[in-house]
Amino acid sequence: MSNMPSPEPAGVRPSWVDDELFPFDSRFVELDGNVVHYIDEGAGPILLMLHGNPTWSFEYRSLIGSLSDRFRCIALDYPGFGLSAAAPGYRYRPDEHAAVVAAFIDRLDLSQVTLLAHDWGGPIGLHAAEQRPDRFHRLVLTNTWAWPMNGDLRVEAASRLMGGLLGRQLIRRFNLFVNAFIPIGHRRRKVSAAEMAHYRAALATPDRRQACAVMPGAILGSRAFLAEVENRLTVLAKLPVLIVWADADVAFGGKELRRWEATFPNHTTVVLPGVGHYVASDAPEQLSAAIRSWWAEPATGTNASDDGTD
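All values reported here derive from a predicted model rather than from experimental measurement.

Draft legend 1. Layout of the overall build of the protein. When helices and strands are counted, the protein shows twelve helices and nine strands. The C-alpha atoms of the protein give a radius of gyration of 18 Å, which matches the 19 Å a tight globule of 310 residues would have. Its C-alpha atoms give the protein principal-axis dimensions of about 50 × 45 × 40 Å. Residues classed as buried in the protein amount to 58% of the 310 residues present.

Draft legend 2. Local environment of the packing of aromatic side chains. Applying the stated rule across the entire model yields 16 aromatic pairs. Pairing tryptophan 16 with tryptophan 56 gives two aromatic rings, centres 6.1 Å apart and planes at 80°, and the pair type is edge-to-face. Of this pair, tryptophan 16 sits in the segment before β1 (27-31) while tryptophan 56 sits in the loop between β3 (46-50) and α1 (61-67), placing them 40 residues apart in sequence. Ring plane angle 80° and centroid distance 6.1 Å describe the contact between tryptophan 294 and tryptophan 295, whose orientation is recorded as edge-to-face.

Draft legend 3. The environment of alanine 99, seen in detail. Mapped onto the elements, alanine 99 comes out in helix α2 (residues 94-108). Sequence separation of alanine 99 and alanine 129 is 30 residues, and the distance between their C-alpha atoms is 11 Å.

Draft legend 4. Structural context of the pairing of strand β7 (residues 241-246). The buried count for β7 comes to six of six residues, which makes it a mostly enclosed element. Burial along β7 is two-sided: the residues Val241, Ile243 and Trp245 and Leu242, Val244 and Ala246 are all buried. Bridging between strand β6 (residues 136-144) and β7 involves three bridges; their strand directions are parallel. Considered in β7, the bridge of leucine 141 is made with isoleucine 243. Both β7 and strand β8 (residues 267-272) contribute to a ladder of six bridges, which runs parallel. Counterpart to isoleucine 243 in the pairing with β8 is threonine 269.

Draft legend 5. Inspection of the pairing of strand β2 (residues 34-41) at higher detail. The buried fraction of β2 amounts to eight of the eight residues, a majority that puts the element mostly inside the structure. Alternating residues of β2 divide into Asn34, Val36, Tyr38 and Asp40 and Val35, His37, Ile39 and Glu41, and every residue in both groups is buried. Between β1 and β2, which follow one another and run antiparallel, lie two residues, and aspartate 32 among them has a positive phi close to 55°. By the bridge criterion, four bridges tie β2 to strand β4 (residues 72-76) in an arrangement that is antiparallel. In the sheet register, glutamate 41 faces β4, and the bridge partner there is cysteine 73.

Scoring rules and cut-offs
Residues numbered from 1 in each chain as written. Predicted model: local features only at pLDDT ≥ 70, side-chain atom pairs only at ≥ 80, totals over all residues. Heavy atoms only, no water. Helix = DSSP H or I, 4+ residues; strand = E, 2+ residues; numbered from the N terminus. Rg over C-alpha atoms; globule rule 2.2 N^0.38 Å. Buried < 20%, exposed > 50% of the residue type's maximum accessible area, 1.4 Å probe, protein only. Phe/Tyr/Trp six-rings, centres within 6.5 Å; stacked < 30°, edge-to-face > 60°. Pairing = 2+ DSSP bridges.

Next up, the structure:
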């Protein structure tokens, strides 16, 4: 996007959002001073879709379009991401995002929720589910984690680099996470210029990119939060779980997949060969098909692979 979009008042859908590319009504709710944007489309069982870094509910647009005939698809933006505005003093930490998600669930009085979590949406959403276990029915996990990354030298090095002073400056000044990692995180298809414009516009200024810049350092800096999420996973251990795993991800691999399978005995695993990190955007048809199939036949501890054919 050549020209920086003008800032819009909180709670107003910006003019740069393309109504054809993102053809959903934007809704807003105030939670503890944060103005949280969300999409709420369709009717039926609730799918609560939580994004990672540096994306927003826009990442789920194809999935929402595909599933809203069968499910009530809800996708929100954390404060500082997408079209949401953070309250003064908000620090964009994962524990704060998890508290916002829990408050969002309470405000909308959601029940029988199926969490669909990706990347940071995993620990954030699972923490909220652990605080409200009576409101959750099932889990869908796509290339995420929910524990401290102790001893993983590759992850720790990346967190120190991108979460350090230099990395944060690169993110704030040059929108590095959007410009580099979103294209890298797609392997089956190329992200269009119009899509990239929407990701850039959501984080259009250095101040706005603070939310994105905090998250890499939080992989190490939020170890206590991640340990708490890990320790309470037993609260959710009996839930049916669908694991949809992209095997061409630069961030998460087989080790994390095996850990999820060991954590949730009532799981169904679908591996998507050649799919990149941003599963819902890189392979929305395959993810949609996996959810529909799993819903029709409750998880019984199976494994499958999708070679991209229908």
